Amino acid sequence: MITVKARSESEQEARSESEHGSRSESEQTARALGDQVGIAVAFLGRASTVLQHAPDLVDTVISGTMGLDEAYAVARENKERANGAEAQLARLRAEDPRLADRVVEGALTIQGAWAERKARLEEDLRQRRVATNLLCEVLPALAQIRGSRTFAQYDPELAPPGRAVTREVIEHAATALAEIAAVWKDRDLP
């Protein structure tokens, strides 16, 4: 239990460091860890299950008040409950009440609801990536024009078909920039 707890804490520290730009060493596999400290992989697996699904029992096991097997049995029960349909529905209700309602109505299975939720999250991430890439491409280029004479050299006859810059386009761009600035201010972005 001590080994698994220490490994978990060191992995959390490594992840924290890697989020701040440092590269962490790759995580050890359970088998490599077991070989290194002379503990059977099965015991490490049980201890990991306790750490994940009954973290309140970790120190009890370490102190010897409760045996690993007993804590593992509790952790397995917790895991089964967490993966049960009621728990999944409760979690779905917290994350997406409309999908949970569709499950209760019988219009969707719990598995179908989670699949739809995952698809929505993936689509949201895709849209955020596209928007981020677009803004990162357009705004720095627009910022480079500021203070230059580039705009004074604009020739509508040389504009690509369908991409001419008109007063209306400029007004829309100015409105978009004002909206972008407001969002950045609201989100306290740099």
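Definitions and cut-offs
Residues numbered from 1 in each chain as written. Predicted model: local features only at pLDDT ≥ 70, side-chain atom pairs only at ≥ 80, totals over all residues. Heavy atoms only, no water. Helix = DSSP H or I, 4+ residues; strand = E, 2+ residues; numbered from the N terminus. Rg over C-alpha atoms; globule rule 2.2 N^0.38 Å. Buried < 20%, exposed > 50% of the residue type's maximum accessible area, 1.4 Å probe, protein only. Areas by Shrake-Rupley, 256 points an atom, 1.4 Å probe, with all protein chains shown as cover. Lys, Arg positive; Asp, Glu negative; His and termini not counted. Charge placed at Lys NZ, Arg CZ, Asp CG, Glu CD. Expected span 1.5 Å × (residues − 1). Patch = residues over 30% accessible without salt bridge, like charges linked within 9 Å, V, L, I, M, F, W, Y side chains within 5 Å. Salt bridge = Lys/Arg side-chain N within 4 Å of Asp/Glu carboxyl O. Core = buried A, V, L, I, M, F, W, Y, C linked by side-chain atoms within 4.5 Å. Contact = heavy atoms within 4.5 Å. Phe/Tyr/Trp six-rings, centres within 6.5 Å; stacked < 30°, edge-to-face > 60°. Lys NZ or Arg CZ within 6 Å of the ring centre and 35° of its normal. pLDDT = per-residue confidence, 0-100. Axes fitted to C-alpha atoms, helices over the stretch in contact; angles between N-to-C directions. Parallel < 35°, antiparallel > 145°, perpendicular 65-115°, else oblique. Left-handed = near helix turned anticlockwise from the far one by under 90°. Nonpolar A, V, L, I, M, F, W, Y, C, P; charged D, E, K, R; others polar.

### Re the overall build of the chain
Part 1: Per the secondary structure count, the chain includes nine helices and zero strands.
Part 2: From first element to last, N terminus to C terminus, the chain shows the α and β order α-α-α-α-α-α-α-α-α.
Part 3: What you see for the chain is a C-alpha radius of gyration of 27 Å, clearly larger than the 16 Å of a compact globule of 190 residues, by over 25%.
Part 4: Projected onto its principal axes, the C-alpha coordinates of the chain cover approximately 80 × 50 × 30 Å.
Part 5: The buried share of the chain, reckoned over its 190 residues, is 17%.
Part 6: Element-wise, carbon and sulfur atoms account for 53% of the exposed surface of the chain, whose accessible area totals about 14600 Å².
Part 7: Computed over 25 positive and 31 negative side-chain charges, the separation of the two mean positions in the chain equals 3 Å.

### Considering helix α9 (residues 167-186)
Part 1: Along its 20 residues, α9 runs 29 Å from first to last C-alpha, staying within 8% of the 28 Å computed at 1.5 Å per residue.
Part 2: Within two residues after α9, Asp188 carries a phi angle of roughly 55°, on the positive side.

### Concerning a nonpolar patch on the surface
Part 1: The grouping of Tyr154, Val165, Val169 and Ile170 at the surface amounts to a nonpolar patch, some 330 Å² of accessible area in total.
Part 2: With respect to the helices and strands, Val169 occurs in helix α9.

### Regarding the nonpolar core
Part 1: Among the nonpolar cores identified, the biggest contains 15 residues, and Met1, Val50, Leu57, Leu68 and Ala71 are the most heavily contacted of them.
Part 2: At the level of elements, α3 (41-53), α4 (58-63) and α5 (68-83) are the ones that each hand at least two residues to this core.
Part 3: Ignoring anything within four residues of it in the chain, the contact list for Met1 reads Ala47, Val50, Leu51, Val58, Val61, Ile62 and Leu68.

### Focus: the side chain of Arg117
Part 1: Structurally, the position occupied by Arg117 is in helix α8 (residues 110-145).
Part 2: On the basis of relative accessible area, Arg117 is assigned to the buried category, the value being 15%.
Part 3: Apart from the residues lying within four places of it in its own chain, the contact partners of Arg117 are Leu92, Glu95, Asp96 and Leu99.

### Describing the packing of aromatic side chains
Any aromatic ring pair is given by two values, namely how distant the centres are and how the planes are angled relative to each other.
Part 1: This model, assessed by the stated rule, comprises zero aromatic pairs.
Part 2: For Arg91, the ring lying beneath its charged end belongs to Trp114, and the centroid distance is 4.3 Å.

### Focus: the confidence of the model for the chain
Low pLDDT means the predicted atomic positions in that stretch should not be read closely.
Part 1: Mean pLDDT over the chain: 87, with 91% of residues reaching 70 or higher.
Part 2: No element of the chain has a lower mean pLDDT than helix α2 (residues 30-37), which averages 72, and none a higher one than helix α7 (residues 97-105), which averages 95.
Part 3: Considering only residues more than four positions removed or in separate chains, one finds that residues 21-27, a stretch of pLDDT under 50, has five contacts.

### Thoughts on the pattern of salt bridges
Part 1: By the definition in use, this model includes 12 salt bridges.
Part 2: Residue Arg46 is joined to Asp69 by a salt bridge in which the shortest nitrogen-to-oxygen separation is 2.8 Å. Here Arg46, found in helix α3, pairs with Asp69, found in helix α5; they are 23 residues apart in sequence, far enough to count as distant.
Part 3: Across the salt bridge formed by Arg120 and Glu116, the nearest N and O atoms sit 2.7 Å from each other.

### Quick word on unusual backbone geometry
Part 1: Even without glycine at this site, Asp188 takes up a positive phi of about 55°.
Part 2: Mapping Asp188 onto the fold places it in the segment after α9.

### Description of the packing of α7 against α8
Part 1: Remark: α7 packs on α8, axes separated minimally by 9 Å, with the N-to-C direction vectors making an angle of 160°. In this view, α7 runs roughly antiparallel relative to α8, as classed from their interaxial angle. Where α7 crosses over α8, the handedness of that crossing is right-handed. Listed contacts from α8 to Leu99, Arg102 and Val103 of α7 are Ile110, Ala113, Glu116, Arg117 and Arg120.
Part 2: When grouped by side-chain class, the residues that make up the contact of α7 with α8 number four nonpolar, no polar and four charged.

### What about the packing of helix α6 (residues 85-95) against α7?
Part 1: Axis separation between α6 and α7 bottoms out at 6 Å; the angle between their running directions is 140°. Classified by the angle their axes make, α6 and α7 are oblique. Side by side, α6 and α7 meet where Leu89, Leu92, Arg93 and Glu95 of the first sit next to Pro97, Leu99, Ala100, Asp101, Val103 and Val104 of the second.
Part 2: Within the contact of α6 with α7, the residues separate by chemical class into seven nonpolar, no polar and three charged.

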